[in-house]
Amino acid sequence: MKIDTTLKKTFGFKKFRPHQKEIISQLLEGRDVFASLPTGGGKSICYQLPALHMEGITIVLSPLVALMKDQVDGARESGIEAYCLNSSLSAADSSHVYRALENNQVKLLYISPERFAIDEFIETLKRFKVDFVAVDEAHCVSEWGHDFRPDYLSLSRIREHFPGAVIAAFTATATLKVQEDIISLLKLNNPYTVRASFNRQELYYRIVPKNGANKQISDFICKHKNQSGIVYRLSRADVEKTASYLSGKGIRALPYHAGLPTKTREKNQDLFNRDEVDVVVATIAFGMGIDKSNIRYVIHGDLPKSIEGYYQETGRAGRDGMKSECLLLYSGGDISKIHFFIDKIRDEKEKKRASRNLNNMASLASVNVCRRKQILEYFDEDHEGNCGSCDICNGEAEQVDGTEDAQKILSAIIRTNQVFGIAHIIDIVRGADTEKIRKFGHNEIKTWGVGKEKSKSWWRSIINELIGQKHIFQDRDHYNSLKINSSGAEILYGRSPFVVLMKKETKQEEKLSFREVDYNENLFARLKEIRTELAREKGLPPYIVFSDKTLKEMSSLKPDDETAMLRVSGVGERKMEQYGYFFLKEIRIFLGYK
Ligand code: ADP
Ligand code: ZN
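Quick summary incoming for the structure in this document. The model shown is predicted, which means the values in this text are computed figures rather than measured ones. (Residues numbered from 1 in each chain as written. Chains lettered and ligands numbered in written order. Predicted model: local features only at pLDDT ≥ 70, side-chain atom pairs only at ≥ 80, totals over all residues. Heavy atoms only, no water.)

## Quick word on the overall build of the protein chain
Condition: Segments assigned H or I by DSSP are reported as helices when at least four residues long, segments assigned E as strands when at least two residues long, and all are numbered from the N terminus. Throughout, radius of gyration means the C-alpha value; the globule benchmark is 2.2 Å times the number of residues raised to the power 0.38. Here's how the labels work: a residue is buried when its accessible area is under 20% of the maximum for its type, exposed when over 50%, partly exposed in between, all with a 1.4 Å probe on protein chains only. We call two residues in contact when some of their heavy atoms are within 4.5 Å. For the accessible areas, the method is Shrake-Rupley and the probe is 1.4 Å, while residue cover comes only from the protein chains on display. For the charge count, each Lys or Arg is scored as positive and each Asp or Glu as negative, with His and the chain ends excluded. To locate a charge, take atom NZ for lysine, CZ for arginine, CG for aspartate or CD for glutamate.
In terms of helices and strands, the protein chain carries 27 helices and 17 strands. Scaling as 2.2 N^0.38, a compact globule of 594 residues should have a C-alpha radius of gyration of about 25 Å, and the protein chain matches this with 27 Å. Once the C-alpha set of the protein chain is aligned to its principal axes, its extents read approximately 90 × 65 × 45 Å. Scored against the burial criterion, the 594 residues of the protein chain give a buried share of 55%. Considering only residue pairs separated by 6 or more positions, the protein chain has 72% of its internal contacts joining residues 24 or more positions apart. Only carbon and sulfur atoms are counted for the fraction: they give 48% of the accessible area of the protein chain, which is about 26,900 Å². Computed over 89 positive and 81 negative side-chain charges, the inter-centroid distance for the protein chain is 3 Å.

## Some details on the coordination of the zinc ion (ligand 2)
Using the following cut-off: Because water is not among the atoms used, a metal site may look incomplete, as its donors are only the N, O and S atoms within 2.8 Å, or 3.2 Å for Na, K and Ca. Here a site with four donors is tetrahedral if all angles are between 85 and 135 degrees, and a site with four or six donors is square planar or octahedral if opposite donors are over 155 degrees apart and the other angles are between 65 and 115; anything else gets the irregular label.
The protein atoms that coordinate the zinc ion (ligand 2) are Cys370 (SG), Cys387 (SG), Cys390 (SG) and Cys393 (SG), at distances spanning 2.3 to 2.4 Å. What the 4 donor atoms of the zinc ion (ligand 2) show is an angle range of 102 to 118° at the metal, which sorts the shape as tetrahedral.

## Topic: the sheet that holds strand β1 (residues 33-36)
Our working rule: By definition, two strands form a pair when at least two bridges between them are found by DSSP. Lines fitted to the C-alpha atoms define the axes, with helices restricted to the stretch that makes contact. Angles between their N-to-C directions range from 0 to 180 degrees.
Spatially, the 7 strands line up as an open sheet ordered β3-β4-β2-β5-β6-β1-β7, and their pairing is parallel. In this open sheet, the two strands that pair with only one neighbour each are β3 (82-85) and β7 (192-195). Strand-to-strand twist in this sheet, taken as the mean axis angle between neighbours without regard to direction, amounts to 15°. Relative to strand β4 (residues 108-111), β3 runs parallel, the two sharing 4 bridges. Paired with Leu85 across the strands is Ile111, a residue of β4. The sheet strands contacting helix α3 (residues 43-52) are β2 (57-61), β4, β5 (130-135) and β6 (166-171), and the helix crosses β4 at an angle near 135°.

## Digging into unusual backbone geometry
Within the chain, Asn104 stands out as a residue other than glycine whose phi angle is a positive 60°. Phi is positive for Gln418, which is not a glycine, with a value near 55°. Its location among the elements puts Gln418 in the loop between α17 (403-415) and α18 (422-429). When its relative accessible area of 22% is taken as the criterion, Gln418 is described as partly exposed.

## Topic: the sheet that holds strand β12 (residues 295-300)
Reading across the sheet, the 6 strands line up as β8-β13-β12-β9-β11-β10 and stay open at both edges, with parallel pairing between neighbours. Each of the sheet's edge strands pairs with one partner strand only, and the pair in question is β8 (203-209) and β10 (253-256). Taken pair by pair, the neighbouring strands of this sheet meet at an average axis angle of 15°, ignoring direction. In the sheet, β12 pairs with strand β13 (residues 324-330) via 4 bridges, with the strands oriented parallel. Opposite Ile299, over in β13, you have Leu327 as the bridge partner. Across the face of the sheet, helix α11 (residues 236-248) comes into contact with β9 (228-232), β10 and β11 (279-282) while running at roughly 170° to β10. In this fold helix α15 (residues 348-366) packs onto β8 and β13, with an angle of close to 105° to the strand it touches most, β13.

## Observations regarding the nonpolar core
This is how it is decided: To form a nonpolar core, buried Ala, Val, Leu, Ile, Met, Phe, Trp, Tyr and Cys residues must be joined to one another through side-chain atoms within 4.5 Å.
Counting residues in hydrophobic clusters, the biggest one holds 41 residues, and the most contacted among them are Tyr205, Ile230, Phe272, Phe286, Leu303, Tyr310 and Ile375. In terms of residue count, α15 provides more of this core than any other element does, 6 residues in total. Excluding residues that lie within four positions of it along the chain, Tyr205 makes contacts with Arg200, Tyr310, Tyr311, Thr314, Cys326, Arg371, Arg372, Ile375, Ser389, Cys390 and Asp391. Formed by 35 residues, the second largest nonpolar core is a distinct cluster that contains Leu61, Phe116, Leu125 and Ile167.

## Let's talk about empty space enclosed by the protein
What counts here: In this analysis a 1.4 Å probe is tested at points of a 1 Å grid over the protein atoms alone, and where it fits but cannot get out there is a cavity; an open set with protein on both sides within 12 Å along at least five of seven lines is a pocket; lining residues have an atom within 4 Å of a point. Grid points are joined across faces, edges and corners, and a volume is the space filled by probe spheres set on the points. Each residue gets one of three labels, nonpolar for Ala, Val, Leu, Ile, Met, Phe, Trp, Tyr, Cys and Pro, charged for Asp, Glu, Lys and Arg, and polar for the others, Gly among them.
Tallied over the entire structure, the rule returns 2 cavities of 30 Å³ or more. Approximately 120 Å³ is the volume attributed to the largest cavity. Around the largest cavity, the lining comprises 14 residues; the ones closest to its centre are Ile207, Val208, Pro209, Arg371 and Leu501. Classifying every residue of the lining of the largest cavity by side-chain character gives 8 nonpolar, 1 polar and 5 charged.

## Description of the pattern of salt bridges
The condition is simple: The term salt bridge refers to a pairing of a side-chain nitrogen on Lys or Arg with a carboxyl oxygen on Asp or Glu at a separation within 4 Å.
By the definition in use, this model includes 38 salt bridges. Here Lys292 and Asp275 are joined by a salt bridge, their closest N and O atoms 2.4 Å apart. Note that Lys292 is positioned in the loop between β11 and β12 and Asp275 in the loop between α12 (262-273) and β11, a separation of 17 residues in sequence. Bridged by salt links that share partners, the residues Lys210, Arg233, Asp238, Lys241, Asp302, Asp334 and Lys337 form one connected network.

## Notes on the pairing of β1
Side chains Val33 and Ala35 project from β1 onto one buried face, and the interleaved Phe34 and Ser36 project onto a second face that is buried too. By the bridge criterion, 4 bridges tie β1 to β6 in an arrangement that is parallel. Each residue of the ladder has a partner; that of Phe34, found in β6, is Ala169. Two strands pair when backbone bridges link them, and β1 and β7 are joined in this way by 4 bridges, in the parallel orientation. When the sheet's bridge partners are listed, Ser36 is paired in β7 with Arg195.

## Considerations on the site of ligand 1
For clarity, the cut-off: One heavy atom within 4 Å of a molecule or strand makes the whole residue count as near it. Throughout this description, a polar contact denotes any pair of N or O atoms lying within 3.5 Å of each other; where both atoms belong to protein, one of them has to be capable of donating a hydrogen while the other can accept it, and for residues adjacent in sequence the pair is counted only when both atoms sit in side chains.
Close to ligand 1 lie 14 residues, the nearest being Lys15, Gly40, Lys43, Ser44 and Arg319. Between a nitrogen atom of ligand 1 and a main-chain N or O atom of Lys15, the distance comes to 2.8 Å. Protein contacts shield 83% of the accessible area of ligand 1, which totals 560 Å² for the unbound molecule. It is α3 that provides the largest number of residues to the shell around ligand 1, a total of 3 residues.

## Some remarks on the pairing of β8
Across the 7 residues of β8, 6 count as buried, placing the element largely inside the fold. Bridge analysis of β8 against β13 gives 7 bridges, and the strand direction is parallel. For Tyr205, the partnering residue across the bridge sits in β13 and is Cys326.

## Here's the deal with the environment of Phe170
With respect to the helices, strands and loops of the structure, Phe170 is situated in strand β6. Exposure remark for Phe170: the relative accessible area of 0% places this residue in the buried category. When the C-alpha atoms of Phe170 and Ala134 are compared, they prove to be 7.5 Å apart, with 36 residues separating the residues in sequence. Not counting the four nearest positions on each side in its chain, Phe170 is found in contact with Ile23, Ala35, Lys43, Cys46, Tyr47, Ala134, Val135, Asp136, Glu137 and Ala138.

## Observations concerning the packing of aromatic side chains
The description of two aromatic rings rests on the distance between their centres and on the angle between their planes. Put simply, the test is: Between the rings of Phe, Tyr and Trp (Trp by its six-membered ring), a pair exists once the centres lie within 6.5 Å; its type follows the angle of the planes, with under 30 degrees stacked, over 60 edge-to-face, and the other angles tilted. Placement of a charge over a ring requires the Lys NZ or Arg CZ to be within 6 Å of the ring centre, with the centre-to-atom vector within 35 degrees of the ring normal.
Counting across every chain of the model gives 16 aromatic pairs. Where Phe546 meets Tyr579, the ring centres are 6.2 Å apart and the plane angle is 70°; that geometry is what we call edge-to-face. Note that Phe546 is positioned in the loop between α24 (542-545) and α25 (548-557) and Tyr579 in helix α27 (residues 573-590), a separation of 33 residues in sequence. Both residues of the pair, Phe546 and Tyr579, count as buried. Each ring, one from Phe546 and one from Phe583, has its centre 5.2 Å from the other, and the planes form 75°; the classification is edge-to-face. One end of the pair, Phe546, is in the loop between α24 and α25; the other, Phe583, is in helix α27, and 37 residues separate them in sequence. On the accessibility criterion, Phe583 (0% relative accessible area) is buried. Through a chain of ring-to-ring contacts, the aromatic side chains of Phe198, Tyr311, Tyr378 and Phe379 assemble into a single cluster. Above the plane of the ring of Tyr83 lies Arg76, whose end atom (NZ or CZ) is 4.5 Å from the centre. The positively charged end of Lys305 is found above the aromatic ring belonging to Phe341, 5.6 Å away from the centroid.

Laid out in structure tokens, this is it:
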């Protein structure tokens with residue numbers, strides 16, 4: 001059978017995504033593969049599909065036991081004989097798997113890397129014909145990656161244990177250094193190498209000044225009712241606060257951070273997976289284990305520490321390829337908060353790297369250049385800008401000349417000898433009559449009260465911007481007093497302008513809640529309910545039954561018989577048999593059939 005046919009019959013897809021076909025063909029010709037594809041690029045099919053065309057077993061090494069079950073369930077829903085072996089299985093369940101192996105009933109076997117380190121286990125596996133070993137999240141083998149796992153080192157013996165098998169490594173994060181590491185550690189033999197574009201065109205990037213984070217977050221979520229989303233916060237305390245703020249607004253939200261008991265964390269993640277809650281508010285501890293394909297937005301309530309982190313976290317939205325939004329609330333003040341952590345790093349090299357990462361991130365947030373272009377250039381990928389899918393390219397942000405206001409602040413800093421912090425400088429500019437002002441005679445200086453007509457938060461945002469653009473900095477060794485850099489002096493003396501990006505006060509946002517296909521929303525809502533019910537009955541996450549994308553296509557095409565239903569992307573033969581009928585019935589009712 002041709003691989004195109006298998007793609008439709010088993011997975012229900014009409015076309016391969018970029019690189020999938022080449023990867024699969026090469027594997028079937030017996031060549032090793034190294035592939036770095038962005039999240040949502042469709043890596044699973046790159047090993048699940050060739051497995052179906054091979055005689056023996058395909059082993060998939062996957063780092064997260066928690067994720068394995070969903071992956072196996074997903075494969076089984078498509079009719080693939082998939083099993084897993086890991087430490088969470090009971091003895092009875094394990095022997096069930098071994099029996100299946102003996103009876104030649106296993107196509108895909110998911111195992112964890114720590115299992116792979118057990119010699120006895122490997123010896124058992126060697127009794128079977130293993131044709132293909134796929135290593136998922138392969139960057140975990142590299143100490144250069146951000147997710148190094150010592151367990152993964154045992155994978156360097158795959159070649160030795162299974163000399164007859166073809167090996168493939170898949171990852172979503174690979175600098176060239178990590179790529180080299182993976183290829184050499186796994187001993188890939190002249191691998192067919194794919195480095196896909198990291199562009200996630202389906203993601204809309206928007207960065208706005210932070211100004212009452214909780215309210216901003218809840219306003220955004222209210223405009224995205226019943227959609228799944230993640231809110232990232234820097235600290236555990238803020239995670240808790242934001243989660244309860246959202247709950248107070250009637251939003252179904254739960255917290256997730258490393259301080260919660262494992263049980264609670266697992267439960268919260270599971271409820272999210274099953275669409276029983278809409279929002280998880282989390283620290284970055286909420287990470288790799290998220291395979292949910294219908295996350296429609298990711299909000300960052302605080303500045304991420306690096307562009308790489310921002311890219312990974314926002315990348316969790318839109319895995320199904322549907323438009324999704326990324327909102328970052330930015331304040332220059334976050335920079336000093338993060339610096340506080342960086343200062344505690346002992347290793348000098350590490351400290352420098354952290355600081356450089358932060359600078360890159362701050363510049364992504366504050367420079368008037370297409371966000372996508374900046375992100376991709378960070379990954380050494382050229383992009384011409386004008387992506388049409390970020391706030392800069394859409395003219396959502398406008399440049400405002402803030403030179404005069406900046407000069408007022410800078411002058412207040414200079415005239416008070418650069419030894420006071422943010423709050424006091426704002427008091428001076430606003431002409432406050434505080435004890436501290438009187439004590440130092442700051443009501444006598446020329447700058448006192450020159451900015452009365454503007455609000456405290458306005459002045460704070462100007463200062464944050466000055467910090468963000470590095471015209472001034474907070475001297476952490478001297479009570480966070482504000483100090484002026486040489487570029488700040490240029491502004492003060494009128495030799496260079498100070499430009500700030502401000503959000504335009506238009507109704508842009510409504511317009512930007514885009515719709516991809518013209519689908520019937522009522523029907524979509526009804527199909528979603530059916531999906532939830534079926535998923536509950538079977539104890540599966542709803543997105544495994546059908547993705548949002550598939551349901552939207554159904555609500556757009558409104559197939560009224562089996563043939564038409566099979567044309568919908570994501571409906572394969574097995575799923576048609578299992579679930580198709582329930583959805584057809586609902587569509588036919590919707591169309592008024594008797
Ligand atoms: P990754 O592991 O690379 O992040 P997945 O394998 O989870 O990505 O795939 C992401 C989503 O894309 C899944 O919902 C999957 O079913 C879907 N998908 C994969 N390949 C195709 C394809 N050729 N056509 C349509 N959808 C696809
Ligand atoms: Zn852009």
